[in-house]
Amino acid sequence: MNKEKTLCIIKPNAINDNNIGNIVARYEKENLKVVAMKMVKLTKERAEGFYIEHKERPFFGSLVNFMTSGSVVLIVLEGDEAVSKNRKIMGATNPADAEPNTLRKLYARSLEANAVHGSDSLPSAEREISYFFTDDEIFPRS
Ligand code: ATP
Ligand code: MG
């Protein structure tokens, strides 16, 4: 098994619904370890830079508005196959298509307000983690 790191973002809707603890508890139960975590309010520029790959998509402006509508929790998770494991725990982008008991099925309110973000590949995970965290803010576990 490959030990990897991946970025999770708990989105504003899940924070408003008081689900931070439920989401973190689920990761810990599935043996993904929190190695960095902070709560921030993203500026428009920071959210746009994070979602730059979606710049030309019709939902880009609305997505940036949503992601800056409240605070978010940024988490670096570490564990075996962490990138694909997190995607599985999160479920499909659209909660209507998400498997039962996935985070999005449990905690999303809509396709946009879908509770969590998870890096979709190892290169994305590396870019996204370094977008938000410096090396000395990350505490790998043995
Ligand atoms: P994320 O990147 O947040 O983990 P994802 O990789 O499953 O989600 P992407 O295709 O990268 O999905 O889309 C990024 C985010 O943009 C989605 O999580 C969702 O919040 C929003 N989004 C995606 N498609 C739509 C859409 N058609 N309408 C509105 N919002 C959308
Ligand atoms: Mg994505």
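Our structure is the block above this text.
Now for a look at the structure at hand. (Residues numbered from 1 in each chain as written. Chains lettered and ligands numbered in written order. Predicted model: local features only at pLDDT ≥ 70, side-chain atom pairs only at ≥ 80, totals over all residues. Heavy atoms only, no water.)

## Quick word on the pairing of strand β1 (residues 3-10)
Burial within β1 is extensive, with 6 of its 8 residues counted as buried. Where β1 and strand β3 (residues 72-80) come together, 8 bridges link them in antiparallel fashion. Counted as the bridge partner of Leu7 is Val76 from β3. Pairing analysis gives 3 bridges linking β1 to strand β4 (residues 116-118), with the strands arranged antiparallel. Along β4, the bridge assignment pairs Ile9 with His117. (Buried < 20%, exposed > 50% of the residue type's maximum accessible area, 1.4 Å probe, protein only. Helix = DSSP H or I, 4+ residues; strand = E, 2+ residues; numbered from the N terminus. Pairing = 2+ DSSP bridges.)

## Some points on the sheet that holds β4
Read across the open sheet, the 4 strands follow the order β2-β3-β1-β4; overall the sheet is antiparallel. In this open sheet, the two strands that pair with only one neighbour each are β2 (33-40) and β4. Along the sheet, successive strands turn relative to each other by an average axial angle of 20°, direction set aside. Its contacts with the sheet place helix α5 (residues 82-90) against β1, β3 and β4, and it is angled at close to 35° to β1. Contacts between helix α7 (residues 122-132) and the sheet are confined to β1, β2, β3 and β4, with β1 contributing the most and set at about 60° to the helix. (Axes fitted to C-alpha atoms, helices over the stretch in contact; angles between N-to-C directions. Contact = heavy atoms within 4.5 Å.)

## Structural notes on the packing of aromatic side chains
Taken as a whole, this structure holds 4 aromatic pairs when the rule is applied. Between the aromatic rings of Phe50 and Tyr51, the centroid separation amounts to 4.9 Å while the plane-to-plane angle is 80°, which identifies the pairing as edge-to-face. Exposure class is identical for Phe50 and Tyr51. Each is buried. Between the aromatic rings of Tyr131 and Phe132, the centroid separation amounts to 5.0 Å while the plane-to-plane angle is 90°, which identifies the pairing as edge-to-face. Ring pairing ties together the aromatic residues Phe50, Tyr51, Tyr131 and Phe132, which thus form one cluster. One cation-aromatic arrangement involves Lys38 over Phe133; the distance from NZ or CZ to the ring centre is 4.5 Å. A cation over an aromatic ring shows up here: Arg127 above the ring of Phe50, its NZ or CZ 5.9 Å from the ring centre. (Phe/Tyr/Trp six-rings, centres within 6.5 Å; stacked < 30°, edge-to-face > 60°. Lys NZ or Arg CZ within 6 Å of the ring centre and 35° of its normal.)

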